[in-house]
Amino acid sequence: MKNYQEITKVAYEGSTSKEPFAFKYYDPDEVIAGKPMREHLRFALSYWHTICAEGVDMFGGGTMDKKMGKTDPMEIFKAKADFAFELMDKLQIDYYCFHDVDIAPEGATWEESLGYFRQMVDYVGQLQKEHGKKLLWNTANNFGDKKFMAGAATSCSADVFAIAAAKVKAGLDAALKLNAEGYVFWGGREGYETLLNTDMGLELDNLGRFMQMAVDYKKKIGFTGDFYIEPKPKEPTKHQYDFDAATCMNFLRTYGLEKEFKLNIEANHATLAGHTFQHEIRTAAVNGAFGSIDANQGDLFLGWDTDQFPTNVYDTTLAMYEILKAGGFTKGGLNFDAKARRMSNTFEDILLSYIAGMDTFALGLRKALALIDDGRIDEFVANRYRSYRDGIGAKIVAGETSLEELADYALTVPSFDVESGRQEYLESVVNNILFS
Ligand code: XUL
Ligand code: CO
């Protein structure tokens, strides 16, 4: 196998290629269903996993050094940024995502940290221009530091609430400067370990107030990117307030924020919530809140967020099917919130894991379009609900009937037979498309 330096650009070679550092299904400029694959998929590199994480786990230290041979903190972060943009070039990835602490060193005080952050925002802004890349979204790490141990916007400390707000303000200033397509709010430690020490009502109201202030500031500075909430049910806290897509929608509606936010759906968070990835995307879509995707996969036998690169084509096909049905991405995209396994600890593995993930979504896109073209599934569903297109069904849908009218109508129905749901047949149609 070639080494990392030898690979200047991962190219599309088609499904018969055996070259490890080539795309088999992702052909960025190939136009399918009216636009190039790169515009359908809008792949993004996650800075925290790819540029920062070194393989540390609960039982052992790093297995990979990403300090880029530097020792001075600012030099380390500049070298990491140079590496990130070269990597995006090699992989033909157009977007990236970061937390504030991913791109800049932390100082001894907040003021010092803010200074470093602003310098690094300018630095990555310059690299963005030089490499022709865009920021899909940024976010604040309001969970890692000790001060956030009881949450950020839901902390029991008003001072911690204030520093969390300061970090979001700095993040929105950066988003504006870097012309980001969006800004993400993932709950971090917004949740609880035990209700014995928790004022849930105050915490949720404070979270609502925090989000409203972020919306007000966004409007004030004229940031036009999308705001996303990223649902997750557990980890790090036992119960996270942004449990799943439906819980997030309830939160947003309670605080009158539903028009200001969309959802960033992560595959592994969906499965931790006991849902399929497809279910969470559909839930976002039917609520008019489909925004962006954190692309990864979990291990169904493990109860935590393993953040593996997606390689399951069945899941990516059904995910892309939902995304296409939701109208595709507007400002969102597919951010690989995924890390190579601790044992996949070389720079070559970074390329190989992105290639695997990008090809799996590219194949998913091709197969989802084939499912839609084939038409059997859509036709089945449309036919299944045909009773709502005329007669009493049309009146129900139009809101033009009543319990009294329906009670009278029910007396005229000779029998109440429901047709077969044909699940196994439909699953065989998916297989037929996948393997032909
Ligand atoms: C955590 C997670 C985060 C968010 C951004 O599980 O997914 O990386 O995507 O904070
Ligand atoms: Co995520």
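Everything in this summary refers to the structure shown in the same document. (Residues numbered from 1 in each chain as written. Chains lettered and ligands numbered in written order. Predicted model: local features only at pLDDT ≥ 70, side-chain atom pairs only at ≥ 80, totals over all residues. Heavy atoms only, no water.)

What follows covers the site of ligand 1. As a matter of local geometry, ligand 1 sits amid Trp48, His99, Trp137, Trp186, Glu230, Lys232, Glu266, His269, Asp294, Asp305 and Asp337. Here an oxygen atom of ligand 1 sits 2.7 Å away from a polar atom, N or O, in the side chain of Glu230. With respect to ligand 1, the side chain of Lys232 contributes an N or O atom lying 2.9 Å from an oxygen atom. Across the complex, the protein chains shield 94% of the 300 Å² of accessible surface that ligand 1 would expose by itself. In terms of residue class, the shell around ligand 1 is built from three nonpolar, two polar and six charged. (Near = heavy atom within 4 Å. Polar contact = N/O pair within 3.5 Å; in protein donor to acceptor, adjacent residues only side chain to side chain. Areas by Shrake-Rupley, 256 points an atom, 1.4 Å probe, with all protein chains shown as cover. Nonpolar A, V, L, I, M, F, W, Y, C, P; charged D, E, K, R; others polar.)

Quick look at the coordination of the cobalt ion (ligand 2) now. Coordination of the cobalt ion (ligand 2) by the protein involves Glu230 (OE), Glu266 (OE), Asp294 (OD) and Asp337 (OD), with metal-donor separations of 1.9 to 2.1 Å. Bound by six donor atoms, the cobalt ion (ligand 2) shows angles of 81 to 171° at the metal and therefore octahedral coordination geometry. Site description for the cobalt ion (ligand 2): donor spacing in sequence, E-x35-E-x27-D-x42-D. On the criterion of sequence distance, the pair formed by Glu266 in strand β12 (residues 261–266) and Asp337 in the loop between β14 (334–336) and α12 (347–374) is long-range, its members being 71 residues apart. An identical accessibility class is assigned to Glu266 and Asp337; each is buried. (Donors = N, O, S within 2.8 Å, 3.2 Å for Na, K, Ca; no water. Tetrahedral: all angles 85-135°; square planar, octahedral: opposite > 155°, others 65-115°. Helix = DSSP H or I, 4+ residues; strand = E, 2+ residues; numbered from the N terminus. Buried < 20%, exposed > 50% of the residue type's maximum accessible area, 1.4 Å probe, protein only.)

Moving on, we come to the packing of aromatic side chains. Under the definition given, this model contains 24 aromatic pairs. Pairing Phe336 with Tyr354 gives two aromatic rings, centres 5.5 Å apart and planes at 75°, and the pair type is edge-to-face. With Phe336 in strand β14 and Tyr354 in helix α12, this pair connects stretches of sequence that are 18 residues apart. Through a chain of ring-to-ring contacts, three or more aromatic side chains come together here, namely Phe23, Tyr26, Phe43, Phe309, Phe336 and Tyr354. (Phe/Tyr/Trp six-rings, centres within 6.5 Å; stacked < 30°, edge-to-face > 60°.)

Here the focus is a nonpolar patch on the surface. Residues Val381, Tyr385, Tyr388, Ile396 and Val397 make up a contiguous nonpolar surface patch of roughly 470 Å² in combined accessible area. Relative to the elements of secondary structure, Ile396 occurs in helix α14 (residues 391–397). (Patch = residues over 30% accessible without salt bridge, like charges linked within 9 Å, V, L, I, M, F, W, Y side chains within 5 Å. Salt bridge = Lys/Arg side-chain N within 4 Å of Asp/Glu carboxyl O.)

What follows concerns the pairing of strand β5 (residues 43–46). Burial of the side chains of β5 extends over both faces: Phe43 and Leu45 are buried on one face and Ala44 and Ser46 on the other. Pairing of β5 with β14 involves three bridges; the strand directions are parallel. For Phe43, the partnering residue across the bridge sits in β14 and is Leu334. Of the strand pairs in this sheet, β5 and strand β6 (residues 95–99) are connected by three bridges, and their pairing is parallel. Bridge assignment links Ser46 to a residue of β6, and that residue is Cys97. (Pairing = 2+ DSSP bridges.)

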